[in-house]
Amino acid sequence: MFDRTDLEPVTVGTSGLGKRPGADESLAEALLASPFRQLDTSNNYALGRSETLLGEAISAAGGLPAGKVVFSKADQDPRTGVFDGDRVLRSFEESCARLGLETLPLYQLHDPYGLSVSEGMAAGGPVEALLRLRDEGRIGAIGIAAGSHELVEEYIRTDVFDVVLSHNRWTLVDRTAETILRLAAERGMTVFNAAPFGGGILAGSTFRGDSYAYQPASGEFLAHLDKVRALCADWGISVAAAALAFSIREPRIHTTVVGIYSRRRLEELPELVAAEVPDGFWQALDALGEPPASPTD
Ligand SMILES: NC(=O)c1ccc[n+]([C@@H]2O[C@H](COP(=O)([O-])OP(=O)(O)OC[C@H]3O[C@@H](n4cnc5c(N)ncnc54)[C@H](OP(=O)(O)O)[C@@H]3O)[C@@H](O)[C@H]2O)c1
């Protein structure tokens, strides 16, 4: 049900699907009809609207088109904040009902910030429930998907996950996921690198303003980013193309999750994926030195 060798280099992220009313129904249909095989969603994206819109598009298409896969994630109870095993089982049933699917190739523990790793791993906790769903064949693979690199590293060290999803921490201007990549490679885990544009700033999007990884960035960080922009201009490469290629070319990363929230961005994506970045650019990027501390540190 989950075969890493089937993974394509780019997965389309849908955390914003359902947040921008108006065009979202047609975007969900376009995502299903697009050449991109993999869609990433979560139980709590847009308060469940992301999964619901994808499910409506799947139903309108007469079922999940052949070859398409939808990856989702378990979230804490939105009202109580409880994130135990029972909640994971409910989250999974909600996800399946919204998507109109009975099984999912990948279901991940999503942003378990309110729990210690021992609580997450305890009997009756969320990870035990994920393992049970995997044993029962309802989930192909289980993953840990979160931002804090220390938390993710600790979950990786439990050796029970097939997949890790890290975000914003392996980009043109951030290498804080280095330990995650090393630990995952040592264990043969599959790595999803999400938010290659740091939430948009590296693609020139003004949607989140001057923030990086959804947080205000320091002057020093923005000055380094300006140097990277100037380097891209010198080489005649768009920053977005360089940012995406930076993630795709890393051998320890199996797929890169790009946030696509409009049909226009979806139409632009194939060209961005295909853009050629000369080898010399990467040497020039290295010559800029280590990126300064980012908001993800
Ligand atoms: N904890 C987790 O599991 C977790 C956390 C973060 C992300 N994720 C996953 O990763 C996905 C990506 O994260 P993200 O959306 O936050 O960050 P991102 O992919 O780094 O950036 C997304 C932004 O890039 C812009 N963009 C996309 N294509 C572009 C293009 N061709 N030219 C210019 N701008 C472009 C979009 O801007 P516009 O708004 O202007 O279109 C969008 O807002 C999410 O949807 C989600 O699936 C998971």
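Each value, and the rule that gives it
Residues numbered from 1 in each chain as written. Predicted model: local features only at pLDDT ≥ 70, side-chain atom pairs only at ≥ 80, totals over all residues. Heavy atoms only, no water. Helix = DSSP H or I, 4+ residues; strand = E, 2+ residues; numbered from the N terminus. Rg over C-alpha atoms; globule rule 2.2 N^0.38 Å. Buried < 20%, exposed > 50% of the residue type's maximum accessible area, 1.4 Å probe, protein only. Contact = heavy atoms within 4.5 Å. Areas by Shrake-Rupley, 256 points an atom, 1.4 Å probe, with all protein chains shown as cover. Lys, Arg positive; Asp, Glu negative; His and termini not counted. Charge placed at Lys NZ, Arg CZ, Asp CG, Glu CD. Arc of directions from axis to C-beta. Near = heavy atom within 4 Å. Polar contact = N/O pair within 3.5 Å; in protein donor to acceptor, adjacent residues only side chain to side chain. Nonpolar A, V, L, I, M, F, W, Y, C, P; charged D, E, K, R; others polar.

1. Brief notes about the overall build of the protein chain
So, point 1. When its secondary structure is counted, the protein chain shows 11 helices and 10 strands.
So, point 2. For 297 residues, the compact-globule formula gives about 19 Å, and the C-alpha radius of gyration of the protein chain, at 19 Å, lands near that figure.
So, point 3. Projected onto the principal axes, the alpha-carbon positions of the protein chain cover approximately 55 × 40 × 35 Å.
So, point 4. Within the span of the protein chain, comprising 297 residues, buried residues form 54% of the whole.
So, point 5. Within the protein chain, counting contacts between residues at least 6 apart in sequence, those at least 24 apart form 76% of the total.
So, point 6. When the accessible surface of the protein chain is summed, it comes to about 12600 Å², and 50% of that surface belongs to carbon and sulfur atoms.
So, point 7. In the protein chain, 27 positive and 42 negative side-chain charges are present, and the distance between their average locations comes to 2 Å.

2. A word on helix α5 (residues 126-135)
So, point 1. Of the positions making up α5, those classed as buried are P126, V127, A129, L130 and L133. For α5, the angular spread of the buried residues around the axis is 160 degrees, confining them to a single face.
So, point 2. Tucked into the core, α5 has its buried residues touching α3 (85-99), β4 (104-110), α4 (117-121), β5 (139-145) and α6 (149-157).
So, point 3. At the C-terminal side of α5, G137 shows a positive phi close to 85 degrees.

3. Section: the site of the ligand
So, point 1. D40, F197, Y214, G259 and Y261 are the nearest of the 33 residues found near the ligand.
So, point 2. The side chain of D40 places a nitrogen or oxygen atom 2.6 Å from an oxygen atom of the ligand.
So, point 3. For the ligand, whose free accessible area comes to 910 Å², the fraction covered by protein is 94%.
So, point 4. For the shell around the ligand, a count of residues per class yields 16 nonpolar, 10 polar and seven charged.

Everything listed here is a matter of coordinates, which is why it stays silent on function.
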